[in-house]
Every structure is written in C-alpha cells, then in structure tokens.
Amino acid sequence: MKRNRHTEEQIISQLKANERGVSIAELARQNGVTEQTIYRWKAKYSGMEVSEAKRPRELEAENARLKKLLAESALDNAALKEIVLGKW
C-alpha cells in the first residue's frame, strides 16, 4: 500500500480542526490514516504553529550543510599539510 506523506502544515491544520470540534474518527477517515496516527500527530504537533514545525527541518538542513563545509575544510587542510611536509 502507498503511504501518504502529510506535511506539517496539513497535520497542524487537521489538529486545529480537532480543536474546533471535529472528532478524531472523522479526521482519521478524511485523511486516510488510523486514529492512532492522529493521536501520534497530537503528541508531536499539538500547540505548534506551522512556522514552529518547519524550524527543526531547516536546522537539520543547515547543520548538514555546515558539516559538509567542515569536512571539506579539514580535507583541504590535511592535503596542504601533506604538501608542506613532502617539500621539507
């Protein structure tokens, strides 16, 4: 079976609908997920705004980019040291 991938924006809007009075069973039926998934979403995203949900993903992407830059810099540094030691 194909898994639906819901975005944080969709999840948060569905949880806000639950806060407005839509039942968990109805939300699960509308989204094609189980009630347990709705409860899992509630535990993870309740009380969040869309901008707050996007922030961790942005931080992970920035962290990966910085790690890559650091690795490249260390590699360049090691290569330069080998060149200097080889000439002496």
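In this report, we go over the structure that sits alongside the text. Model, not experiment: these values are computed from the prediction.

Each value, and the rule that gives it
Residues numbered from 1 in each chain as written. Predicted model: local features only at pLDDT ≥ 70, side-chain atom pairs only at ≥ 80, totals over all residues. Heavy atoms only, no water. Buried < 20%, exposed > 50% of the residue type's maximum accessible area, 1.4 Å probe, protein only. Helix = DSSP H or I, 4+ residues; strand = E, 2+ residues; numbered from the N terminus. Arc of directions from axis to C-beta. Axes fitted to C-alpha atoms, helices over the stretch in contact; angles between N-to-C directions. Parallel < 35°, antiparallel > 145°, perpendicular 65-115°, else oblique. Contact = heavy atoms within 4.5 Å. Nonpolar A, V, L, I, M, F, W, Y, C, P; charged D, E, K, R; others polar. Left-handed = near helix turned anticlockwise from the far one by under 90°.

### What to know about helix H3 (residues 35–45)
1) Next: All of the buried residues in H3 are Thr37, Ile38, Trp41 and Tyr45. Across the axial projection of H3, the buried residues extend over an arc of 100°, all falling on one side.

### Details of helix H2 (residues 24–31)
1) Next: All buried positions along H2 are accounted for by Ile24, Leu27, Ala28 and Asn31. Along the axis of H2, the buried residues cluster in a sector spanning 100°; they form a single face.
2) Next: Positive phi appears at Gly32, one or two residues downstream of H2, with a value of about 70°.

### Topic: the packing of H2 against H3
1) Next: In contact at an axis separation of 8 Å, H2 and H3 are set at 105° when each is read in the N-to-C sense. Classed by the angle they form, the pair H2 and H3 counts as roughly perpendicular. Of the residues in H3, those touching H2 at Ile24, Ala25, Leu27, Ala28 and Asn31 are Glu35, Ile38, Tyr39, Trp41 and Lys42.
2) Next: Counted by class, the contact of H2 with H3 contains 7 nonpolar, 1 polar and 2 charged residues.

### Here we look at the packing of helix H1 (residues 8–19) against H2
1) Next: Between H1 and H2, the shortest axis-to-axis distance is 10 Å and the interhelical angle comes to 150°. Between H1 and H2, the interaxial angle falls into the category roughly antiparallel. Crossing of H1 over H2 shows right-handed handedness. In contact with Gln14, Ala17 and Asn18 of H1, H2 contributes Ile24, Leu27, Gln30 and Asn31.
2) Next: Split by residue class, the contact of H1 with H2 holds 3 nonpolar, 4 polar and no charged.

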